[in-house]
Amino acid sequence: MLLLVSVLFSGISIIAQPLTGTYKNGSDSLVFNGNRVIFRVSGFGGLSSAQAGMGSYERVSNFLLIHTLDYPGDKSTFQKLDSSRNDTCVIKVVNLSNYPIQGVLIEPDNTTAKLPGGRITGSDGKIYLTHTQKTREITVSGMGINTVTIDYSPCSDYLVKVADNEVIENQTVVFMIREVDDETLSLLLLTDNFDSRKKRDSELHKLERKVRKSHRMDKRFKKEYEPYVRSTQAGH
């Protein structure tokens, strides 16, 4: 009895039941399979872009921690091409269907106040970079797309294919989680880059207090069930 009381008041988190199956809210989803989960979520923090990832998960009190690994879905890629212009690097950004994308930010790492190197792609999806002698990396980013970093090689152009969603890899994502009923999860994204090296419980509660002050809204995900198909015998 004394042992039970000491456990209840020691602050040790009680392990929650594992989650299984698919939970959806519109085009957003979390799919739990064993100790793994793959997710796509959007609309948290007033952002319209979606975030996606896959990894192992654990539940700590009313928190869901997802330790992301390499993402198995679509990710942004780039292809190095022979240079088409002397002293100029041409970068073209397209989507996975090869349509040019306007409004994507492209930044070389040698950008300075005297030499602003950031460019926004035009309607043809292209930008032209000069003064690349000291460039080592080029970052391609934008709202709603998966950021890609290019290891720049002189005398090269690049074709960049960007995937939808901000892909999260090798970071810890933290949600507040509540089981509304047997078929409904309430989720609120707290961070997509949790520092697990610090004191975990105190840092989690700091995140909770911060998000409560901001009055951010949670989202509810409903469990989906596979349709039941009744087997029939031949001739019936």
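Whatever comes next refers back to the structure up there.
Remember, it's a predicted structure, so these values are computed and weren't measured experimentally.

Undergrad: Just checking my understanding: could you explain the pattern of salt bridges for this structure?
TA: Side chains bearing opposite charge may pair, as long as their charged atoms lie close to each other. If you walk through the whole model with that rule in mind, you get eight salt bridges. The residue D201 makes a salt bridge to R200 at a minimum N-O spacing of 3.5 Å. Classification of D201 by relative accessible area gives partly exposed; the value is 35%. Each of the salt bridges in this network shares a partner with another, and the network as a whole consists of D28, R40 and K219.

Undergrad: Is there a simple way to think about the side chain of S156 in this case?
TA: Looking at the secondary structure, you find S156 in strand β13 (residues 156-162). Looking at S156, its side chain comes within polar contact range of the main-chain oxygen of S153, at 3.2 Å. Setting aside anything within four residues of it in sequence, one finds S156 in contact with K80, L81, S83 and C89.

Undergrad: Is there a simple way to explain the sheet that holds strand β10 (residues 126-129) in this structure?
TA: Across a sheet, paired strands are connected by hydrogen bonds in the backbone, their directions being either parallel or antiparallel. The sheet built from four strands is open, its strands ordered β6-β13-β7-β10 with mixed pairing. Pairing within the sheet leaves two strands with one partner each, and these edge strands are β6 (77-82) and β10. Averaged over all neighbouring strand pairs, the angle between strand axes comes to 20 degrees, with direction disregarded. Here five bridges tie strand β7 (residues 89-95) to β13, and the two strands are oriented parallel to one another. Directly across from I91, in β13, lies its bridge partner Y158.

Undergrad: What is the right way to read the environment of T132 from this model?
TA: Structurally, the position occupied by T132 is in the loop between β10 and β11 (137-141). Every residue in contact with T132, bar those within four places of it in the chain, is listed here: C89 and Y152.

Reading the values: rules and limits
- Residues numbered from 1 in each chain as written.
- Predicted model: local features only at pLDDT ≥ 70, side-chain atom pairs only at ≥ 80, totals over all residues.
- Heavy atoms only, no water.
- Salt bridge = Lys/Arg side-chain N within 4 Å of Asp/Glu carboxyl O.
- Buried < 20%, exposed > 50% of the residue type's maximum accessible area, 1.4 Å probe, protein only.
- Helix = DSSP H or I, 4+ residues; strand = E, 2+ residues; numbered from the N terminus.
- Polar contact = N/O pair within 3.5 Å; in protein donor to acceptor, adjacent residues only side chain to side chain.
- Contact = heavy atoms within 4.5 Å.
- Pairing = 2+ DSSP bridges.
- Axes fitted to C-alpha atoms, helices over the stretch in contact; angles between N-to-C directions.

Treat this as a map of the structure, not an account of what it does.
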